[in-house]
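Next come the chains, spelled out residue by residue.
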Amino acid sequence: MDGNVEDFTETARSKQAQNMPEMTKVECRNIDVFYGEKQAIFDISLDIPDRAVTAFIGPSGCGKSTFLRCINRMNDTIESARVTGQIFMDGADINDHSIDPVLLRSRVGMVFQKPNPFPKSIYDNIAYGPRIHGLASGKQELDEVVESALRKAGLWEEVKDRLLAPGTGLSGGQQQRLCIARAIAVSPEVILMDEPCSALDPIATARIEELIDELRERYCIVIVTHSMQQAARVSQKTAFFHLGKLVEYGDTERIFTNPEDSRTQDYITGRFG
Amino acid sequence: MLETFGHLPIAWLLFAVLAAAGFVSFYAGRTQAVAVGSGTTERLNSQPNYHGYFVAMVTVGPAAIILLLYGLFGESLVRAQLASELPQRIRDLGALELGQYIDRIVEHVARRDSVATGNALFDAASDRYTNLLGFSRIIALVLAIAAAGTGFYFARRRLSLNFRARARVEDGIKFMLFLCAAIAILTTIGIVGSLFFEALRFFSRVPVHEFVFGTEWNAQTGADFGAIPLFFGTFMIAFLAMLVAAPIGLLSAIYLSEYASPRFRSIVKPVLELLAGIPTVVYGFFALQFVAPLVRSAANGFNALPFIPDGFLAAQPTSALAAGLVMGIMIIPFVSSLSDDVINAVPQTLRDGAYAMGATRSETVKQVVMPAALPGVIAALLLAVSRAIGETMIVVMAAGQRAQITPDPTADLTTITVQIVALLTGDTEFDNAKTLSAFALGFVLFIVTLIFNLIALRVVQKYREKYE
C-alpha cells in the first residue's frame, strides 16, 4: 500500500509541473458513422492530446461510445457499421489499407463498461496480449511483463499470491483493474475507456480514477463517462456530444466553468440528459 | 342391466359426462357468486369466474380421480375376482396359463358379435366376467357421482363475499401441474422397474459375470450370453459416429455463430436442424443403399494396394463404418445446435475484450470463446454420445448381425440395440433366457446412457462460468 501512496503524491507533484506544450496523438477529421441506414455520428473533427486524459460526455445515445470505438476500429467487428472520414494517429491514417486493424488494436488498448476478464487465470489474462503479439520471449520475460502491468494497474499487491486463480473470481473493481492491466500489458500508446466505472461502487471507482491519473503520465487516455464529476476530476480535455454531433470541445476547466454553448451549460448543470 | 354396463364403450361416455358436469358446476358457481355480490363484482374477494372454476374443480376433480383409479386398477381387480372363482383345476394351471385363459375370456367378451362357444365352463366364465365388469363399473360410477355431488354441495356452501376462490383455484392448478410432472417421473420409474425385474429374471438363469464378461454371444440358439461383443460393437459404432459428428458439428456451430452473416445463418441453421427431423429409418436406407457399398468398394480398393495382404480389411456388405458414418451425420445437428446455443451464450463483452487486445477472429474463438463455452460443448457431445449408443434403426439396417470383436471398421458388427430388436420381434414368449436377455441388455443400455447424461449434467453444473 505504501508504494501506492508514494506514486500518488508523485503524480500530484507532476500534475502541477505539467506545463509543457500539448502534443496531438490522434487527429479525427470529418468522421461520420452509419449503422445500416441510420447515421449515428455527424461530421466530427477533434484532436486528442498525448499524455493527457480526454473525457467524452453527453446524454445516452449521443454517439460518444460509437466515436470512441472508431479510434481502435472496433466498429469493424459490427456487420452493419460503416465509418467515413479520417483518423490519424501520429500522422498515419488508421483506416488506410496498409494498416492491419488487429495490429492497430495492440497500439490502442480498450477497457469496457463491464469488467470482462477472460475465463482464464489472472496470469493468463495479462499474458494474453503479450503472447498473441509475441512481445515476450521466454517465461521469465513474460513474468516480468505480467508483474509490471499488474503493478501499473495497482493490482499486484492484491493478487501476487494467487496469479493462477481465475480472473472471474476477483471483485468487480479488481476485475476492472485486471482489464486495465491487460490493456497495459501490450504497451499501447492510447487507452480507450468506455464508462469504466459504471458497474463499480464509489470506492472501486475512486481507485480506478487514481489509477487513470497515474497512467496519464505514460499514455494518451480517452474516457467516456456519464459522471460529470468524474470528467471534471480526471480529465484535462472534455468533449460534449449531443445527438451524434460534437457540440463543444476544450479544456475541462473551461468547459465546466465557462461553456460557450447553451446545450453544454444545460447538460453540465443537469437540466437535461 | 349388469350385462349392458359390461358392454358399453364407457370411457367416452364418462368423459362427456364429466365435461358436462364441469360446465354446469362452473355456471352454477358463477351465478351464485354474482348473486352473493348482489349483482356487482366489486365487493367480491374473487371475480365470479373464479368462483365458477372453484366449484367446477371441486365437483369434477374427485370424481375424475376415482374414475382414473378405476381405469388403472379396475380391470385387474375384476380379473383377480374372476380367477378366484374359477374351478380349482384351472387355477392349478399356474400363473401364466391362467392369465392366458382369462385373456381369451376378455377377448371373447370384447367381441360384440361373439356367440357361445359351446364350452360350458368358458361360456359361464365369460358371462361371469361381463357381469363382474358391469358391477364394478356401476360401483365406480356411483362413487364418482357421489363424490361429484358432495363436492358440488360443499363447494357452493363455501362461496361468500370473502371467500378467496382465486387462491383456491391457484392451489388446484398447482396440484394438477404437480400431477403431470409426477406422471412423467412415475412412468420413468415404471419403465426402469420393469426392465430391472425382467433383467433379474434373466440373471437368475444366466450368471451376471457370464453376461458382463463373456465374449461369445449366441442368444438365438440360447447358448452363449456374453455381452462384450455387443458392447464392443455399440461403442465402436458410437465412436465412429462421434468421429464424424464432433468435428463437423462443432466447427459448423463455430462457423454459424462466429463467422456467418445473419442472413446465411438464418437459412443454414434451420436446414441443419432439419437433419434432426429426418426419420432414422430413412438414414438407414441411405446407409444401406449408398454408404455401405461405397465403404465396401473402398475397402476392396485398399486391399488391392501393393504390400497390403489379401483380405486385410473384411469389406463386408454391411459394416460398422457405414453405420457409424451415417449415424454421425444424423447426430451432427445434436452437436451443432446445442453447441451453437452455448457459443452464442458467451457474452459479447468477452469477444470485444479479445478483439480490443488485437486478437484475430480465430484467436478469439480458440482462446476466449471456446474455453468459455467448453462445459456446454462437452455436455452437447456427451448427449450426442448417449444418442449414438441408443440409436437403433440405422444399425439394424446397416451394421449387420454378427457379434464379434474386431478393430476392423469394415467388418459387420452388431450392437445392443440391434440384438434387442432381433430378440423381441416376431413371436416370442417371455419365459426363456433368450427373450429375457433383451431386457438385461436394455437395462444395461439404460444404465450406460444414464451415466453419460449424469456426467453431462454434472459437467455443466460444475464448470458453468458465472457471468454476472
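Presented here is an overview of the structure given in this document. Only a predicted model underlies this, so the values are computations on that prediction, with no experimental measurement involved.

**Looking at the overall build of chain A**
Thinking step 1. When its secondary structure is counted, chain A shows 11 helices and 10 strands.
Thinking step 2. In summary, chain A has a C-alpha radius of gyration of 18 Å against a globular reference of 19 Å for 273 residues, a match within 12%.
Thinking step 3. In terms of overall dimensions, chain A has C-alpha extents of about 50 × 40 × 35 Å along its principal axes.
Thinking step 4. The buried share of chain A, reckoned over its 273 residues, is 52%.
Thinking step 5. If you take every contact in chain A between residues at least 6 apart in sequence, the share linking residues at least 24 apart comes to 67%.
Thinking step 6. Just so you have it, chain A exposes about 12300 Å², and 49% of that area is on carbon and sulfur atoms.

**Overview of the state of the cysteines**
Residues and elements named next belong to chain A.
Thinking step 1. Using the criterion set out here, one finds zero disulfides over all chains in the structure.
Thinking step 2. A disulfide-free cysteine, Cys179 has its sulfur positioned 12 Å from the sulfur of Cys197, the nearest such atom.
Thinking step 3. Looking at Cys220, it has no disulfide partner, and the nearest cysteine sulfur is the one in Cys28, 9.8 Å off.

**So, the packing of aromatic side chains**
Thinking step 1. Here the structure, examined in full by the defined rule, presents 21 aromatic pairs over all chains.
Thinking step 2. An aromatic cluster of three or more residues is present, and its members are B:Phe202, B:Phe203, B:Phe211, B:Trp217 and B:Phe225.
Thinking step 3. The ring of A:Phe34 carries the charged tip of A:Arg82 above its face, separated from the ring centre by 4.4 Å.
Thinking step 4. Cation over ring: A:Arg182 sits above A:Phe118, and NZ or CZ is 4.1 Å from the ring centre.

**Describing the side chain of B:His51**
All names here are of chain B.
Thinking step 1. Its place among the elements puts His51 in helix H3 (residues 48-85).
Thinking step 2. For His51, a relative accessible area of 0% corresponds to the buried category.
Thinking step 3. Side-chain polar atoms of His51 contact the backbone oxygen of Gln47, separated by 3.3 Å.
Thinking step 4. For His51, the residues in contact, after removing those within four places along its chain, are Gly29, Ala33, Leu44, Ser46, Leu159, Ser160, Phe163 and Ala165.

**Comments concerning the interface of chain A and chain B**
Thinking step 1. Of the residues lining the interface, 26 residues belong to chain A; the matching set on chain B comes to 21 residues.
Thinking step 2. The junction of chain A with chain B conceals about 1900 Å² of combined surface from both sides, 61% of it contributed by carbon and sulfur atoms.
Thinking step 3. Remark: the boundary between chain A and chain B carries one salt bridge.
Thinking step 4. Here B:Asp352 ties to A:Arg69 by a salt bridge, and the two come within 4.0 Å at their closest N and O atoms.
Thinking step 5. For the pair chain A and chain B, the interface holds four residue pairs in polar contact (both at pLDDT 80 or more).
Thinking step 6. Breaking the side of chain A that touches chain B down by element, the ones donating at least two residues are helix H3 (101-107), strand E6 (108-111), helix H4 (122-132) and helix H7 (172-184) of chain A.

Definitions and cut-offs
- Residues numbered from 1 in each chain as written.
- Chains lettered and ligands numbered in written order.
- Predicted model: local features only at pLDDT ≥ 70, side-chain atom pairs only at ≥ 80, totals over all residues.
- Heavy atoms only, no water.
- Helix = DSSP H or I, 4+ residues; strand = E, 2+ residues; numbered from the N terminus.
- Rg over C-alpha atoms; globule rule 2.2 N^0.38 Å.
- Buried < 20%, exposed > 50% of the residue type's maximum accessible area, 1.4 Å probe, protein only.
- Contact = heavy atoms within 4.5 Å.
- Areas by Shrake-Rupley, 256 points an atom, 1.4 Å probe, with all protein chains shown as cover.
- Disulfide = S-S within 2.5 Å.
- Phe/Tyr/Trp six-rings, centres within 6.5 Å; stacked < 30°, edge-to-face > 60°.
- Lys NZ or Arg CZ within 6 Å of the ring centre and 35° of its normal.
- Polar contact = N/O pair within 3.5 Å; in protein donor to acceptor, adjacent residues only side chain to side chain.
- Buried area = accessible area lost by both parts, 1.4 Å probe.
- Salt bridge = Lys/Arg side-chain N within 4 Å of Asp/Glu carboxyl O.

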